[in-house]
Amino acid sequence: MNYNNLNKIFAAVVFIVTAAVYFITVQPSVSFWDCGEFIASSYLLQVPHPPGTPFFILVGRVFSMIPFVENIGLRVNAISIISSAFTILFLYLIAVKVIQYYRKKEFENIFDAMVVYTSAAIGALSLAFSDTFWFNAIEAEVYAFSTFFIAIVVWLMVKWNERADEPDNEKYLLLIAYLIGLSTGVHLMSVLAIVPVVMTIYFRKFVDDEEILKKSGILFVVHSVIILVFAVVMWMSLTETTPPSPDAYSAVDSRFVGIFAAITIVFMGIFYKKILVKNSFYLPIIMGGVALVTVYPGMVKYLPKLITTIGKNDLTLDTATFFVIIGVLFAAIFYTKKKEMHISNLIAKCVLLAVIGVTSYSMIIIRANQEPPINMNSPKTFTELESYLNREQYGDFPTFKRRYSNEPHQLKIYSEYTSDFDFFWRYQMNHMFNRYLFWNYIGRESTYQDTGVDWTDLFGIPFFLALFGLYYHFRKDWKMASVFIVMFIFLGYLTAFYQNQQQPQPRERDYFYVGAFFVFSLWIALGINGIIEILKDYFKGNSIVKPASIAILFVGVLAVPVNMINANWFQNSRANNFVPWDYAYNLLQSVEKDAILFTNGDNDTFPLWYLQDVEGVRRDVRIANLSLLNTPWYIKQLKNNEPHGAKKIEFTFSDLEIDQIGPMRWEPQTIQLPVPDEIIQKFGVTDTSVIKNKKITWVMQAGAQFGDVSALRVQDIVVLNMIQTNKWKRPIYFAVTCSDDSKLSMDDYLQMEGMAQRVVPQKNPDPSLEYINEPIMRKQLFDEPVGYNKDYQPGFKFRGLNDPNIFFDENHERLTQNYRNAFIRLAIHYLNGEKNTQKVIETLGMMEQKIPRNIISMDYRIKHDVANLYNMTGDKEKYNEFAEEVIEAAKDAIKLNPMDVSSWYNPYRLLLTHYENMGRYNDAIELLQQLKTYIPNDPGIDSLISSFRKMSGAGKPEIEK
């Protein structure tokens, strides 16, 4: 039988199943975080944030023009779907090749082939339906496409390994070199694949298995120790997967000593009497490292530096210099060919092809000079490109120093660790890598940040299968096993070491490590196959082998891919999830025509860029991201450019002065802003002080604290200049996501008009009331449009927020709380300002209708506020409903932290409030007596107990619990 056709059928099924699942669960448009920026950049060939993704952008542009679906965002999302499906296909093919290579024999029959193909399919699908890979596969981010490059490079690597003795074997290596260079235009993670490639070449061409076995019988013992150490470290980590507490470890932890001792033994074994014969283990790793450095930072960072050094930063000379370098490489190829220097010739050709791959970055310079709406860092010259590639916008960070932040909140966290190594292992390695590995192959406790591992999801079956697969691979083929374990370490632990992530992070970072998970899923395939191979060897010739093998494969399919798709489907399906699109739309429609809108971070900026650049929504609005306002290039773009015809923002600064702006010392001082008569009339100002003096005044505090020095950040200086220079000609807003310290202490002059607060020329007349524009707020929250408007039209969209079939992660929940905040502020206005209890009830009812709390959870402290509002309207039924939920949640909060007694929303205060309102005085007394055990000498507690006893003795019956 032609087993190759059967292999193709398995491969096709794996690809189709994977692609189908991803198309069913894909985000239907833009997602949160960087996706909006990448889609918009793809659609208009723009310049995204450093260090850039030019090849992704070029491919995205092609996908955006193919009309297979209507929505442009979904078209670009399809890059991740298709590249991820191909990644799974290549993983399947790699697993088949690896197994065939160590088997060293042809298939005996169709059943023999089916065992290998099914094992490979199980391993491949374990990656397809793992939590992290699935998440990456259904949105327009670079990680799915980057993993595709890793997959195809590794597949070419094993193909070369198979055909290394054939005359044309170099074609695989040349293609690998080009793809690695090209992959830098997607994400630098892919470049790490070069190390296992070099190791494979060295082992295949320069290491003789028989020679090693003759000279070193201890070889397999050494590798067994490596595997044992790896397994022990993994196992120990299972006991520490949540953020560590201060007393979790002693100053010198015996586990660290044990790990170091084990590693020392391993390296002593490796170096003892040149155990691995002519450095056959660590030398290829060093060579791979040299190749890695040649590509990154060599070609990516230092090639532009070399060009600018020679070309003197003149674009014409720089371009000429680049072509001279290309000419030198061609000359080297011809020279080495003529002299029959085969290895040198191959290296020269590989370098040339890699450089050609890296030239996708020329798109960055070309488009930067065209001034597209998104032009991050504006890298118009090779020197600016060098700065862009070096990510200089984000500042320098040390590679060996682990805890380097000067932020007060981080210093407090860092004090909980005994040393840099303690932090390195417990947080950066264990919490920020091992935990992610366990999430994917053991189970995830929840999607909330920093949560741990849940064994009940997958029961650890994929995890232990992979560990066995690693062991079995070393047992059968130490060379390729060494290649893949080094690949795992580089794409996992070394990546985590290089990134040097600080605590806390704004979100989970598991997407960085999909390359390591790719290898781990390969080991699952080898583990399934290894179990069956051992069974066949042990029961050779026995009739039990075939049914037992079938049973193992059947259980493997159920326990791994089927179990994983069942465990991960709901939380990874984004079908019908338009929350990011609607959030961006609602924020843009919160501001009037030609407005300036200050935003805070990725999620209130990038989706807005997408709507403006791709779907043409509210292109009149100038978005000013506060973080980027600390950079001169961004300020100049706001000042000088008119994206889509939007008006420039006026400044008093010249371009030269913008380059010189820096933080400045600042003591609180009074700021005055003139208000002309026409503005007083337009806004209907009633403040006599403003009418008389024709100005508003406020005391502006420092925006930041640098040690003991109070200062204004660049963004504070720029925002103040924008407001002063604007002179009320254009509406200016702060998004509700902007922090209080970014609003220049103007809170009294900020009126809410939806999801943004407008700078107005009149102080809030009554600080006890919510400062909102009621007519606009009501339209925003009550008048949901059927479609959408590209021009200004108040009316928020709340699609899917009441759909139980849509999964809302922590980020969705957090951002949608801003909607609830708007409803609650409107309700408070109706209660305190208009004294209209019916409108209060109507508003709170609309909030629950649009955003049901049984679909998107509501924090019990917000429930407390809602309960109080219902109580003040006299709606006791609704009050009791919310109050009971608050009581249960507050009790749970006390169990977690019984000493939380000082915060405004502390659970004791909430419970006492509702116990009193509901007449449950005995419950209140019992709670206070419980509190007294923690704080025995507080006379205030005794006073409260006495008060509740009087209430209880007054004859008021308790409402039935």
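Residues numbered from 1 in each chain as written. Predicted model: local features only at pLDDT ≥ 70, side-chain atom pairs only at ≥ 80, totals over all residues. Heavy atoms only, no water.

This part covers the overall build of the protein chain. The number of helices and strands found in the protein chain is 39 helices and ten strands. Its C-alpha atoms give the protein chain a radius of gyration of 32 Å, within 12% of the compact-globule value 30 Å for 961 residues. Across its three principal directions, the C-alpha atoms of the protein chain cover 95 × 75 × 55 Å. If you take every contact in the protein chain between residues at least 6 apart in sequence, the share linking residues at least 24 apart comes to 73%. As presented, the protein chain carries roughly 40,400 Å² of accessible surface, and 59% of it is formed by carbon and sulfur atoms. Charge separation in the protein chain, taken as the distance between the mean sites of 89 positive and 96 negative side-chain charges, equals 5 Å. (Helix = DSSP H or I, 4+ residues; strand = E, 2+ residues; numbered from the N terminus. Rg over C-alpha atoms; globule rule 2.2 N^0.38 Å. Contact = heavy atoms within 4.5 Å. Areas by Shrake-Rupley, 256 points an atom, 1.4 Å probe, with all protein chains shown as cover. Lys, Arg positive; Asp, Glu negative; His and termini not counted. Charge placed at Lys NZ, Arg CZ, Asp CG, Glu CD.)

Here we come to unusual backbone geometry. Note that the residue after Pro50, namely Pro51, is joined by a cis bond; omega there is 5°. With respect to the helices and strands, the residue Pro51 is situated in the loop between helix H2 (35-44) and helix H3 (54-64). Cis geometry is found at the peptide bond from Tyr296 to Pro297, where omega equals 15°. Along the chain, Pro297 falls in helix H13 (residues 282-311). Although it is not a glycine, Glu340 adopts a positive phi angle of roughly 60°. Positioned with a positive phi, Phe459 is a non-glycine residue whose angle comes to about 60°.

Moving on, we get to the pairing of strand E8 (residues 732-735). The two faces of E8 match: Ile732 and Phe734 on one face and Tyr733 and Ala735 on the other face are all buried. Taken together, the three bridges between strand E1 (residues 596-599) and E8 define a ladder with parallel strand orientation. From the neighbouring strand, Phe598 faces E8, where its bridge partner is Phe734. Alignment of E8 against strand E10 (residues 756-759), held across three bridges, turns out to be antiparallel. Within E10, the position partnered with Ala735 by the bridge is Ala756. (Buried < 20%, exposed > 50% of the residue type's maximum accessible area, 1.4 Å probe, protein only. Pairing = 2+ DSSP bridges.)

Once that is clear, we can look at the sheet that holds strand E6 (residues 704-706). The antiparallel open sheet is built from three strands, whose spatial order is E3-E7-E6. The open sheet is flanked by strand E3 (664-665) and E6, the only strands paired with a single partner. The sheet contact formed by E6 and strand E7 (residues 709-712) spans three bridges and is antiparallel. Its bridge partner being in E7, Gln705 is matched across the sheet by Ser710.

In this section: helix H38 (residues 921-934). Under the 1.5 Å per step criterion, the end-to-end length of H38 is 21 Å for 14 residues, consistent within 8% with the ideal 20 Å. For H38, every residue scored as buried is listed here: Tyr921, Asp923, Ala924, Ile925, Leu927, Leu928 and Leu931. Residues of H38 that are buried sit in contact with helix H36 (876-896), helix H37 (907-917) and helix H39 (939-953). (Expected span 1.5 Å × (residues − 1).)

Before going further, it helps to spend a moment on empty space enclosed by the protein. Counting across every chain of the model gives six cavities of 30 Å³ or more. Here the largest cavity defines a volume of roughly 550 Å³. Trp33, Phe135, Arg444, Asp809 and Asn811 are the residues nearest the centre of the largest cavity, which is lined by 28 residues in total. Taken together, the elements giving at least two residues each to the lining of the largest cavity come down to helix H6 (131-137), helix H24 (545-572) and helix H33 (810-833). Here the lining of the largest cavity takes four residues from H33, the largest share from any one element. Considered as a void within the structure, the second largest cavity measures approximately 270 Å³ in volume. Along its surface, the second largest cavity is lined by 20 residues, and Pro373, Trp609, Arg622, Ile623 and Pro643 are the ones closest to its centre. Of all the secondary structure elements, the ones that give two or more residues to the lining of the second largest cavity are helix H26 (606-613), strand E2 (622-625) and helix H27 (632-640). At four residues, H27 tops the list of elements feeding residues into the lining of the second largest cavity. Here the lining of the second largest cavity is built from residues that sort into twelve nonpolar, five polar and three charged. (1 Å grid on protein atoms, 1.4 Å probe; cavity = no way out; pocket = protein on both sides within 12 Å on 5 of 7 lines; lining within 4 Å. Points joined across faces, edges and corners; volume = space filled by probe spheres on them. Nonpolar A, V, L, I, M, F, W, Y, C, P; charged D, E, K, R; others polar.)

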